[in-house]
Amino acid sequence: MQKVTREALIEKAASLLANGTVTSVLAWKKGEFDYDITPALFTGEEEMHAELVWNDFCGANLSKYLVAKTKKAEGKILVFLKSCDTYSFNQLLTEHRFDREKVYAVGIPCCGMADIDKVKAISGDGIASIECAEKIKVSTIYSEGAAEMDLNDVLLERCESCKSKKHVAYDELMGEEGEILDSHRFDEVERLEAMTPDERFAFWQEELSKCIRCNACRNVCPACTCEVCVFNNPASGVESKAPVNDFEEKMFHIIRAFHVAGRCTDCGECSRVCPQNIPLHLLNRKFIKDMNECYGEYQAGETVGQRAPLVDYTLDDLEAGEVFERGGDNA
Amino acid sequence: MQRIGVFVCWCGSNIAGTVDVKQVAKALENEPGVVYSTDYQYMCSQAGQDMIVNAVKEHRLTGIVVCSCSPRMHEQTFRKTAAKAGLNPYMVEIANIREQCSWVHKDMIVGTEKAIILGKAAVAKVNLNAPLTPGESPVTKRALVIGGGIAGIQTALDIADAGFEVDIVEKKPTIGGKMAQLDKTFPTLDCAACILTPKMVDVAQHEKIRVFSFSEVSEVSGFVGNFEVTIKKKARYVKEDICTGCGACVDKCPVKKVPNEFNLGMDNRKAIYIPFAQAVPKVATIDPNACNMLKAGKCGVCSKVCTAGAIDYTQKDELVTEKYGAIVVATGFEPISMEKFDEYAYSQSKDVITSLEFERLTNAAGPTQGKLLRPSDLKHPEKIVFVQCVGSRCASCAEKGKEYCSKICCMYTAKHAMLTRDKYPDTDVTVFYIDVRTPGKNFDEFYRRATEDYGVKYIKGMVGKIVPEGDKLHVQGSDLIANEQVHIDADLVVLAAAIEPDKSARPLATMLTASMDTNDFFTEAHPKLRPVESPTAGVFLSGACQGPKDIPETVSQAGAAAAKVIGLLAKDKLLGNPCVASSDENMCNGCSSCANVCPYGAITYEDKEFRMPDRTIQVRRIAKVNPAVCQGCGCCTVTCPSGAMDLRGFTNSQIMAEVDAICK
Ligand SMILES: Cc1cc2nc3c(=O)[nH]c(=O)nc-3n(C[C@H](O)[C@H](O)[C@H](O)COP(=O)(O)OP(=O)(O)OC[C@H]3O[C@@H](n4cnc5c(N)ncnc54)[C@H](O)[C@@H]3O)c2cc1C
Ligand code: SF4
Ligand code: SF4
Ligand code: SF4
Ligand code: SF4
């Protein structure tokens with residue numbers, strides 16, 4: 001269960017709307033099912049009481065939506081940010097993607113978000129309703145009564161390896177501030193690094209061949225906010241929706257991983273939304289790990305205005321040859 | 001569709017020896033767009049060029065591929081040829097089948113195969129070439145020289161003599177630099193002041209030269225031909241245009257014990273001072289940290305005695321903005337601090353001094369009126385030890401010294417030793433050295449005179465420790481040739497301190513977007529072929545700010561920098577390089593990635609209104625490249641995530657087409 005209640009969020013938003021600080025509220029509402037909670041913009045208190053959702057399924061990172069919403073909205077938008085979301089928020093500001101003046105950011109503590117696949121593994125398919133209280137109670141159309149589970153047993157991978165409960169940006173914080181955590185998020189990357197090149201190739205071949213090029217990963221990615229994405233641009237030479245062959249799929253992921261290298265905050269949205277459960281975060285984490293090792297620890301989005309190692313030059317930077325040598329067989 | 005002509009050059013046997021040129025011409029004939037393909041012995045010759053001109057007419061060519069030597073060699077030649085034939089010069093591509101092919105291959109089959117591939121890539125590129133026209137920008141016919149040492153002085157005089165206006169910005173109250181502090185100068189031993197001060201006077205009197213003394217550059221914007229520079233004139237509390245330099249104020253000022261920086265703190269000056277008698281401008285300056293009036297509002301003596309009424313205790317720093325076509329950096333050097341060299345007891349004993357302090361001690365205008373007296377007790381030193389390479393050539397002591405050779409120390413130490421023996425034959429002079437380096441006209445002769453004619457003792461080896469003992473300095477060193485320890489009880493020790501660039505050089509380089517090396521010396525555009533230009537267009541280098549130099553070298557480089565500046569200012573308009581970057585505003589995110597990597601600061605941002613499909617107006621931040629500043633390096637294009645940034649003449653699609661042609 002989350003520490004701050006939905007009612008507290010609504011109350012906060014309603015009072016900021018009422019006193020004119022903000023004119024709209026970016027939060028979450030229910031989608032098709034109880035577990036697909038989606039971003040939503042509210043302008044009135046009624047509306048929020050009716051639809052606003054804050055529970056263990058609010059994984060969606062709202063910062064990216066500010067890019068489009070701030071351009072349209074008159075006045076300020078209130079946005080609720082979990083700790084991991086605040087990193088994306090800062091990164092977008094570093095890239096001048098929205099106007100900070102147009103946003104009122106409220107940090108909210110997060111106890112981790114549930115992974116629907118893990119939930120289903122316990123409850124079975126055909127979910128009819130979900131209730132998030134002390135426990136998560138799931139009833140399905142096939143069973144009498146509800147399956148009960150602990151949030152901690154069904155956490156998203158990204159929440160299991162949460163890098164920070166600390167909010168790095170906000171105008172106001174609800175609840176208690178957390179800390180930066182020692183996340184072990186590179187363990188899985190190390191396992192991949194230990195493979196032989198052939199094994200690793202087979203691993204990615206297997207994973208990426210599942211891709212159906214729905215573009216969900218790109219669309220949700222807070223680093224992918226380009227006005228015209230190369231994959232939509234007929235002049236780019238890599239534009240396509242459906243890939244011609246499995247090589248093209250891989251190129252999509254490799255190009256995207258390079259585009260977000262140094263800008264990816266490791267928010268984990270790509271893996272969360274992938275309908276094919278491809279562990280896309282591993283690709284980005286490998287980049288992050290390499291950059292940390294080659295150029296010193298760097299966390300994208302930690303502050304606004306940071307110079308990412310790949311677009312910065314310092315005298316201690318490794319020479320290309322050294323990078324190659326370090327890579328060796330593991331490259 | 002282009003109509004491309006391919007011209008394969010034999011370069012005598014340079015290419016034809018390892019590449020079957022006929023086969024290359026034949027193979028390229030069938031490439032898309034190619035309508036004519038031929039080979040010839042020397043394409044760059046008049047006959048070869050005529051061949052191109054005729055072919056353009058005859059076959060109505062729109063693009064040209066020359067398979068020949070490096071574009072560095074003849075790209076310009078063939079671009080001119082194309083222009084002669086009525087084509088846009090940028091419709092020419094060179095396939096380098098000499099340096100990158102025939103010269104590196106031995107086997108005819110391999111060489112030919114590679115030449116064909118390189119030719120195909122060039123054809124693929126020309127298919128996507130578009131005519132390019134260089135932009136023009138006007139040139140402001142005025143130069144700025146930053147630093148008024150001998151380097152800056154000489155550069156300014158040479159530029160002004162050619163008829164252009166020059167401003168010198170000097171941070172100290174007077175121009176002159178280090179040379180003004182020297183006594184006599186190697187290798188000819190003329191007195192520094194006698195050869196420097198006339199030049200300083202020339203500067204003061206030149207109608208084309210303005211001196212901003214006691215001033216610093218605080219902001220630089222713009223680009224070659226069109227720099228805009230803000231100069232901060234620091235408050236000196238004396239009206240420069242009224243002060244006659246009579247010195248009455250200095251005589252009467254009651255604050256007498258301010259360490260005199262011109263004599264390196266070895267004597268004192270007043271709170272109001274003129275650094276030395278020949279200062280330019282000869283204007284007094286008040287030291288606000290010492291002046292009673294400025295500190296406590298009490299005194300005002302100088303203002304009372306100044307008959308000209310030049311004193312102004314309310315003066316404030318003043319900002320002046322001026323436009324320049326060229327900027328010359330001449331910020332010189334400083335000896336490094338000796339504080340960290342505990343082994344030489346510099347901080348412990350007044351009688352351990354640096355060579356520059358030694359210059360002041362022997363200078364007739366110095367603290368001892370030129371009599372060599374040791375600072376502690378003003379006694380004549382009987383035994384003097386000079387230590388060379390203090391902090392120079394010192395790879396292991398990076399935290400206090402420098403890896404490089406300071407270049408001037410061998411010679412000035414020989415000078416000091418020789419002059420001492422000449423004037424005071426009773427003194428015993430020993431020099432410790434690692435090597436004596438004397439490459440330079442009359443340099444080795446000079447050094448040999450010191451040892452052979454003047455009896456200076458040279459010991460190869462370093463000094464390990466200097467310990468003050470009573471009124472002596474116990475010097476422990478090693479003699480590497482005799483292979484023994486040497487102990488000398490000296491009266492005076494002179495350390496030839498390494499030199500380093502002025503501390504203000506790095507922030508200045510950032511302002512100018514000029515590059516520096518790891519030691520903070522300014523980098524030249526090419527170490528051999530463009531030694532006085534910085535890689536940033538319009539910024540030139542003069543003197544020791546670029547690397548350790550003696551006066552003859554400084555002056556020749558100063559003249560060379562002036563020649564480059566004159567060459568630039570003589571032009572009315574500058575033709576730009578059309579191969580510059582530009583960003584597609586419909587695709588640009590305004591993310592600043594490109595500006596972060598642009599080494600030349602060519603990219604700025606503006607907010608632009610866009611009409612959206614739903615008829616709303618959106619304001620977006622977009623990148624703008626200043627074509628006059630952009631050097632076409634391409635860093636931005638590879639950084640841009642969305643591909644909005646592209647480089648004309650080397651577009652992403654052209655490069656991909658080349659890669660495709662090679663990989664096919
Ligand atoms: C002890 C000693 C003895 C020497 N003896 C000889 C000799 O006998 N013969 C010989 O040929 N050479 C000799 N030299 C070398 C000689 O001093 C240099 O070659 C010469 O001074 C270099 O001139 P410069 O103008 O480049 O630098 P500098 O003389 O250092 O002049 C630089 C000027 O720029 C000013 N400046 C610095 N930064 C800024 C800024 N940011 N803004 C504005 N102004 C700035 C400084 O105040 C200074 O006036 C000797 C050097 C030393 C240390
Ligand atoms: S979300 Fe998954 S399936 Fe969709 S494009 Fe991305 S990787 Fe492919
Ligand atoms: S994939 Fe690249 S071009 Fe497309 S949105 Fe992401 S960063 Fe931009
Ligand atoms: S091509 Fe180079 S110089 Fe030109 S704007 Fe891009 S990064 Fe700057
Ligand atoms: S990197 Fe590309 S998208 Fe970003 S500001 Fe530059 S041109 Fe625009």
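Residues numbered from 1 in each chain as written. Chains lettered and ligands numbered in written order. Predicted model: local features only at pLDDT ≥ 70, side-chain atom pairs only at ≥ 80, totals over all residues. Heavy atoms only, no water.

Colleague: Tell me about the site of ligand 3, residues and numbers included.
Modeller: Every residue close to ligand 3 is listed here: A:Cys224, A:Cys226, A:Cys229, A:Val230, A:Phe231, A:Arg256, A:His259, A:Arg263 and B:Pro641. Residues within reach of ligand 3 are spread across chains A and B. Of the residues belonging to the shell around ligand 3, the class tally is six nonpolar, one polar and two charged. (Near = heavy atom within 4 Å. Nonpolar A, V, L, I, M, F, W, Y, C, P; charged D, E, K, R; others polar.)

Colleague: Describe the packing of helix α6 (residues 108-128) of chain B against helix α19 (residues 652-663) of chain B, naming the residues involved and giving the relevant values.
Modeller: Residues and elements named next belong to chain B. At a minimum axis distance of 8 Å, the contact between α6 and α19 shows a crossing angle of 150°. As summarised for this structure, α6 and α19 are arranged roughly antiparallel, according to the angle between their axes. The element α6 and its partner α19 pack so that their crossing is right-handed. Contacts from Ile 117, Lys 120, Ala 121, Ala 124, Lys 125 and Leu 128 in α6 reach Ser 653, Gln 654, Ala 657, Glu 658, Ala 661 and Ile 662 in α19. (Axes fitted to C-alpha atoms, helices over the stretch in contact; angles between N-to-C directions. Helix = DSSP H or I, 4+ residues; strand = E, 2+ residues; numbered from the N terminus. Parallel < 35°, antiparallel > 145°, perpendicular 65-115°, else oblique. Left-handed = near helix turned anticlockwise from the far one by under 90°. Contact = heavy atoms within 4.5 Å.)

Colleague: Break down the state of the cysteines for me, with residues and values.
Modeller: In total, this model carries one disulfide over all chains according to the counting rule given. Put simply, B:Cys191 and B:Cys194 are joined by a disulfide, and their sulfur atoms are 2.1 Å apart. Looking along the S-S bond of the B:Cys191-B:Cys194 disulfide, the torsion reads about 95°, which is the right-handed sense. Counting only cysteine sulfurs, A:Cys58 is the nearest neighbor of A:Cys132, a cysteine outside any disulfide, at a range of 8.4 Å. Not engaged in a disulfide, the cysteine B:Cys291 finds its nearest cysteine sulfur in B:Cys302; these two sulfurs lie 5.9 Å apart. (Disulfide = S-S within 2.5 Å.)

Colleague: So what about the site of ligand 4? Which residues, and what values?
Modeller: In the neighbourhood of ligand 4, 14 residues make up the surrounding shell, with B:Cys598, B:Cys630, B:Cys633, B:Gly634 and B:Cys636 lying closest. In terms of residue class, the shell around ligand 4 is made up of eleven nonpolar, three polar and no charged.

Colleague: Can you tell me about the nonpolar core, naming the residues and giving the values?
Modeller: Across soluble globular proteins, nonpolar side chains have a tendency to be buried as a group. All names here are of chain A. Residues Trp 28, Phe 80 and Phe 89 are the most contacted members of the largest nonpolar core, which totals 58 residues. Broken down by element, this core gets its largest block of residues, six residues, from helix α1 (residues 6-18). What Phe 80 contacts, discounting residues up to four positions off in sequence, is Leu 9, Ala 13, Val 25, Leu 26, Ala 27, Trp 28, Leu 62, Val 106, Ile 108 and Met 174. (Core = buried A, V, L, I, M, F, W, Y, C linked by side-chain atoms within 4.5 Å. Buried < 20%, exposed > 50% of the residue type's maximum accessible area, 1.4 Å probe, protein only.)

Colleague: I'd like a rundown of the sheet that holds strand β18 (residues 326-329) of chain B, residues and numbers included.
Modeller: All names here are of chain B. The five strands are arranged β10-β7-β6-β18-β29 in an open sheet whose pairing can be described as parallel. Looking along the sheet, the strands with just one partner apiece sit at the ends: β10 (209-212) and β29 (539-541). Along the sheet, successive strands turn relative to each other by an average axial angle of 20°, direction set aside. As paired strands, strand β6 (residues 142-146) and β18 are joined by four bridges and run parallel to one another. In the sheet register, Ala 143 faces β18, and the bridge partner there is Ala 326. Along the sheet face, helix α7 (residues 150-161) touches β6, β7 (165-169), β10 and β18 and points at about 165° away from the line of β7. (Pairing = 2+ DSSP bridges.)

Colleague: Help me get a handle on unusual backbone geometry, residues and values and all.
Modeller: Residues and elements named next belong to chain B. With omega at -5°, the peptide bond leading from Phe 186 into Pro 187 counts as cis. Positionally, Pro 187 belongs in the loop between β8 (184-185) and β9 (190-191). The omega angle of the peptide bond from Val 280 to Pro 281 is 0°, so this bond is cis rather than trans. On the secondary structure map, Pro 281 appears in the loop between β15 (272-273) and β16 (285-286).

Colleague: Before we move on, could you go through the environment of B:Gly245 and cite the residues and values that matter?
Modeller: All names here are of chain B. Summarising the element assignment, Gly 245 is placed in the loop between β12 (226-233) and α9 (248-252). On the accessibility criterion, Gly 245 (9% relative accessible area) is buried. On a C-alpha basis, the gap between Gly 245 and Ala 310 in space is 9.9 Å, while along the polypeptide they are 65 residues apart. Ignoring sequence-local partners within four residues, the contact set of Gly 245 consists of Ile 274 and Lys 282.

Colleague: Describe helix α3 (residues 46-59) of chain B, with residues and values.
Modeller: Residue and element names in this part refer to chain B. Taking 1.5 Å as the rise per residue, α3 with 14 residues should run 20 Å; its terminal C-alpha atoms sit 20 Å apart, in good agreement. Here α3 has its buried residues at Gly 48, Gln 49, Met 51, Ile 52, Val 53, Ala 55 and Val 56. In this structure, the buried side of α3 is in contact with β1 (4-9), β2 (34-40), β3 (63-68) and α4 (71-84). Looking at the residues trailing α3, positive phi occurs at Arg 60, about 50°. (Expected span 1.5 Å × (residues − 1).)

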